[in-house]
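Chains, contacts and geometry: an overview
So you can see what is in the structure, the chains are spelled out below.
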Amino acid sequence: MKQTFSIKGMSCQHCVARVEEGIKSLAGIQKVKINLKKENGVVKFDESQVTPQQIAEKITETGFTAEVM
Ligand SMILES: [Cu+2]
């Protein structure tokens, strides 16, 4: 499935890369597209392996504020 997350606190491409790497470290992630300007990220994943909540928690772990939209 595809889910959009609001991600607050990113200021540059370094932050984007950090969020991306964090999300990709989870099982079942197929595609990650982070938009710095819009402060969001669209993640495509296998819902039998990972939940939107787990993805939001992982983003929070990398140091940013995430919310399932
Ligand atoms: Cu940054």
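Preceding this paragraph is the structure being described.
Here goes a summary of the coordinates provided. (Residues numbered from 1 in each chain as written. Predicted model: local features only at pLDDT ≥ 70, side-chain atom pairs only at ≥ 80, totals over all residues. Heavy atoms only, no water.)

Mapping Thr-62 onto the fold places it in the loop between helix H2 (52–61) and strand E4 (65–68). Once residues lying within four places of it in the same chain are set aside, the contact partners of Thr-62 are Arg-18, Val-19 and Gly-22. (Helix = DSSP H or I, 4+ residues; strand = E, 2+ residues; numbered from the N terminus. Contact = heavy atoms within 4.5 Å.)

Only Cys-12 (SG) and Cys-15 (SG) from the protein reach the copper ion as donors, at distances of 2.1 Å. Using a relative accessible area of 33% as the deciding quantity, one classes Cys-12 as partly exposed. (Donors = N, O, S within 2.8 Å, 3.2 Å for Na, K, Ca; no water. Buried < 20%, exposed > 50% of the residue type's maximum accessible area, 1.4 Å probe, protein only.)

Among the nonpolar cores identified, the biggest contains 19 residues, and Ile-23, Ile-29, Ile-55 and Ile-59 are the most heavily contacted of them. Here the element with the most residues in this core is helix H1 (residues 13–24); it accounts for 4 residues. Not counting residues up to four positions away in its chain, the partners in contact with Ile-23 are Ile-29, Val-32, Ile-34, Val-43, Ile-55, Lys-58 and Ile-59. (Core = buried A, V, L, I, M, F, W, Y, C linked by side-chain atoms within 4.5 Å.)

A few words now on the pattern of salt bridges. Going through the model one piece at a time under the given rule, you end up with 2 salt bridges. Its salt-bridge partner being Glu-39, residue Lys-8 comes within 3.6 Å of it at the nearest N-O pair. With Lys-8 in strand E1 (residues 2–8) and Glu-39 in the loop between strand E2 (29–35) and strand E3 (40–45), this pair connects stretches of sequence that are 31 residues apart. Judged by relative accessible area, which is 43%, Lys-8 ranks as partly exposed. Lys-58 is the salt-bridge partner of Glu-61, the closest N and O atoms lying 3.3 Å from each other. With a gap of 3 residues between them, Glu-61 and Lys-58 both fall in helix H2, about one helical turn apart. (Salt bridge = Lys/Arg side-chain N within 4 Å of Asp/Glu carboxyl O.)

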